[in-house]
There are 2 protein chains.
Amino acid sequence: MRLSHYFIPTLKENPKEAEIVSHRYMLRAGMIRQMSAGIYTWLPLGYKVLRKIEKIVREEQNRMGAIEMLMPTIQSADLWKKSGRYDNYGKEMLRLHDRHEREMLYGPTNEEMITDIFRDGLISYRDLPRNLYHIQWKFRDELRPRFGVMRGREFFMKDGYSFDLSKQAARHSYNKIFVSYLRTFERMGLKAIPMAADTGPIGGDMSHEFVILAKTGESQIYCHRHLVESACLPENIDYEEDLEPIVSQWTKHYAATDEKHDQARFNSEVDSENQIIERGIEVGHIFYFGTKYTEALGCHVRDAQGSKVALHSGSYGIGVSRLVAAVIESSHDERGIIWPDILSPFEVVIINLKVKDSATSQKAEQVYEQLKNADIDVLYDDTSESAGVKFANMDLIGITWQVIISPKSLASNQLEIKHRAQEERIFVPIDTIVDFMKKNIKR
Amino acid sequence: MRLSHYFIPTLKENPKEAEIVSHRYMLRAGMIRQMSAGIYTWLPLGYKVLRKIEKIVREEQNRMGAIEMLMPTIQSADLWKKSGRYDNYGKEMLRLHDRHEREMLYGPTNEEMITDIFRDGLISYRDLPRNLYHIQWKFRDELRPRFGVMRGREFFMKDGYSFDLSKQAARHSYNKIFVSYLRTFERMGLKAIPMAADTGPIGGDMSHEFVILAKTGESQIYCHRHLVESACLPENIDYEEDLEPIVSQWTKHYAATDEKHDQARFNSEVDSENQIIERGIEVGHIFYFGTKYTEALGCHVRDAQGSKVALHSGSYGIGVSRLVAAVIESSHDERGIIWPDILSPFEVVIINLKVKDSATSQKAEQVYEQLKNADIDVLYDDTSESAGVKFANMDLIGITWQVIISPKSLASNQLEIKHRAQEERIFVPIDTIVDFMKKNIKR
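Being a predicted model, the structure only gives us computed values, none of them experimental.

What counts, and at which threshold
Residues numbered from 1 in each chain as written. Chains lettered and ligands numbered in written order. Predicted model: local features only at pLDDT ≥ 70, side-chain atom pairs only at ≥ 80, totals over all residues. Heavy atoms only, no water. Contact = heavy atoms within 4.5 Å. Buried area = accessible area lost by both parts, 1.4 Å probe. Salt bridge = Lys/Arg side-chain N within 4 Å of Asp/Glu carboxyl O. Polar contact = N/O pair within 3.5 Å; in protein donor to acceptor, adjacent residues only side chain to side chain. Helix = DSSP H or I, 4+ residues; strand = E, 2+ residues; numbered from the N terminus. Nonpolar A, V, L, I, M, F, W, Y, C, P; charged D, E, K, R; others polar. Pairing = 2+ DSSP bridges. Axes fitted to C-alpha atoms, helices over the stretch in contact; angles between N-to-C directions. Buried < 20%, exposed > 50% of the residue type's maximum accessible area, 1.4 Å probe, protein only. Least-squares fit on C-alpha atoms with pLDDT ≥ 70 in both.

**Overview of the interface of chain A and chain B**
- With 58 residues of chain A in contact, the opposing surface of chain B contributes 58 residues.
- For chain A, the biggest contributors to the area lost against chain B are Phe7(A), Leu70(A) and Arg99(A); these three give 15% of the whole.
- Joining chain A to chain B, the criterion identifies six salt bridges.
- A salt bridge links Arg33(B) to Asp120(A); its shortest N-O distance comes to 2.3 Å.
- Where chain A touches chain B, the interface holds 26 residue pairs in polar contact (both at pLDDT 80 or more).
- Here the side of chain A that touches chain B gets seven residues from one element, more than from any other, and that element is helix α5 (residues 111–121) of chain A.
- Considered class by class, the residues forming the side of chain A that touches chain B number 29 nonpolar, 10 polar and 19 charged.

**Some words on the sheet that holds strand β19 (residues 348–352) of chain B**
Residue and element names in this part refer to chain B.
- Strand order in the open sheet made by the five strands is β20-β19-β21-β22-β23, with mixed pairing throughout. Either end of the sheet is taken by a strand with one partner, and the two such strands are β20 (378–381) and β23 (425–429). On average, each strand axis in the sheet is inclined to that of its neighbour by 25 degrees, with strand direction left out of account.
- Both β19 and strand β21 (residues 401–405) contribute to a ladder of five bridges, which runs parallel. Looking at the pairing, isoleucine 351 lines up with isoleucine 404 of β21.
- Running over the sheet, helix α12 (residues 358–373) touches β19, β20, β21 and β22 (414–419) and is turned about 170 degrees from β19.
- Those strands touched by helix α13 (residues 387–397) are β19, β20, β21, β22 and β23, and its axis lies near 170 degrees from that of β19.

**Re the environment of Arg102(A)**
- Among the secondary structure elements, Arg102(A) is positioned in the loop between β5 (94–97) and β6 (103–106).
- In this structure the C-alpha to C-alpha distance between Arg102(A) and Leu190(A), which are 88 residues apart in sequence, comes to 43 Å.
- When neighbours within four sequence positions are excluded, Arg102(A) is seen to be in contact with Leu96(A), His97(A), Ala37(B) and Arg153(B).

**Regarding helix α1 (residues 21–28) of chain A**
Residue and element names in this part refer to chain A.
- Within α1, seven of the eight residues are buried, which leaves it mostly tucked inside the rest of the structure.
- The set of residues buried in α1 consists of Val21, Ser22, His23, Tyr25, Met26, Leu27 and Arg28.
- Buried residues along α1 sit against β1 (32–36), β2 (39–42), α11 (320–330), β17 (332–333), β18 (336–337) and α13 (387–397).
- Backbone geometry just downstream of α1 places glycine 30 in the positive-phi region, at approximately 65 degrees.

**Focus: the relation of the copies chain A and chain B**
- The two copies are related by a screw operation: chain A maps onto chain B through 180 degrees of rotation and 0.0 Å of translation along the axis, at an RMSD of 0.0 Å. Overall, the copies show the geometry of a two-fold rotation axis. Rotation axis and chain A: the residue whose C-alpha lies nearest the axis is Leu96(A), separated from it by 2.8 Å.
- Looking at the interface residues of chain A, 100% of them are also at the interface in chain B, so both copies use one shared face.

Below is the structure:
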């Protein structure tokens, strides 16, 4: 993509409404634009990152055996009256009436709807377990939306729902999600710590939040150092095996957000040099709520003995749009965003420092074509801005690999290359650029 | 994917609310489920097809040079008051109030919003032309939603918007879209005919609908036989070249829906044996409306001479969710759906006719693993249904390639293979199945 043909409306000034760094950088880098309080347009650059996060979430859901589908954004109030949540949900629910004055709402979550769908599609206990998910826009009418897409009103969420015949089987479904979430966040370069959590309006008796550490986090978190420094997950997890050993490794140490924090327990379980007290951002939340919704909506099945039983369910959310901001909070410097390689909106940017010099531009075009032909996603800065402006913009935007082309490096038949996360620049012979990128780009 | 682990809630009976074949088959094949009037869940099988259509639309938009982004579903009423459409739009617009009693709406289209965004991002006339698009859920509160996703209320649309400095330049942008739409529909196996159209609530002075022929179509169409039988587009179109020759080939013959039909002109321009009078389904609609929205929203730029000019715009829609139904209307038989190969929800289904026979199941598992390892998207019917039920279901669902495994064919070390669109079955040696599929699957 040529920058001269693209649309990245960067801002020179820090927008004063932006209180946290991700919001500031997303606005300044031309990734998002606010349309109404808590409602954003994803400009081309931001949209590319959103899609990359969505793709990782989807891949890990599918790997774990969940099945993708898509429920609508607008729901009938009827289902919510059956579960009793229509009145309880309060003003965060965006309620509306259609032209026939039917009560509708913009879905903040989908427990009722999926239970209704699954009940009608289920034939036998042999169809269990199932885990169904969708990645869809949700709306929660926050009183004071703020921090950009971190706490927006219209937001993009992966929400999944499991159905099992027994509590024990449901526990395995919960564990599968638990482990797949650790993998999902790890792939994005995030260290997410599972913490025992309150269940809030979803309900149920077991719940974990997945929280990443960030100074600007919304909540205080307290945990054992081991969880922050512990090793990564094994590469190839067999989700059909018993996952309790992995889950218990992550749950046996103290970890709590301020809602659930118990200072006395913290002190008794964790010696002071291992106590981590930090700010954190919630990026996922999982719930086991047993038969709460299946009983309310009549989602039963006959088991092998012929007894009618209500299914055991859980729900599992990842904030896909919020993750874009969370990644920035955890990876940036004073010049701008430092994308984990896998999330970089383009894999490479070619910075032509002397567009008006025909030899330089000819070479830049050639490198651009070569990289494109090698299926590398490349942005070519062919604008006539000054070198200073170009470097500042590209450091702000944070594309992983910068290829800098100037008459000076061309004189020695070389290209200057910089990885956004590193200070030093290296030089490679022009005709090896495709090989270099193929070797170094992480996908 | 093993069918025993998947979720395809097929229906045995014809749902009585379904008046047209696509609606009937989509419900029966477990592709969609109605949640409220005109609001559907896309069950796993339907969702896969929806995504395939979305992918083709996206690829052709990108190929033509359009830039993807994403605008939110909920819009502020303010923008619509500026354009004057808030009052004019009528009851089809789903209006709502947020918790602070601000007037909002669920976007039925995005001319105002994109003009607002582009105005703020535009720096110079050198930034023109631009074509920005998104693929997002829309809501139109139809008085009587019907025909399933063909005329739903919540629907998935690609809408794109072009910005140019002059009417002449805008004409080229219009032509690019025109040609890219022909390509888009052709890739889905559809013959779409562009027809001069009314501009309705969008406004403007040039517009074409893209209509496919189908007996169940919503509108009567009248056109010259040449348009129905004319050749395909050239393979590699250079969108920067003059496209008038291609566009005029498609617009020089008479073609109109009943709204615009003029019988006297039809008779004088088309001799009777070349008159086609049929039913049609609109799958795309494009508009050039000049400065209508840019003037209302102050989207100006200084041209090379320093004069302030309002930009020339057009908008361009493809009904992505509607296309799923339109494809079925144009490709089915009395047993079910016949997907164009490229849209088949799975590329191959393995039908195991004797699950309880361990030799047969062992071979079926082996073929399943081989095809999966070759990156072929395969469904394995490992259920214990009868052969008759399995064949009926798979013909209904319409997966392109059926691989039938039974003790009988295994005895001769062969697999029975059927293409959904053809009656005859062929036999291939078991160990050549991967090669056969690699050679025959169209992507």
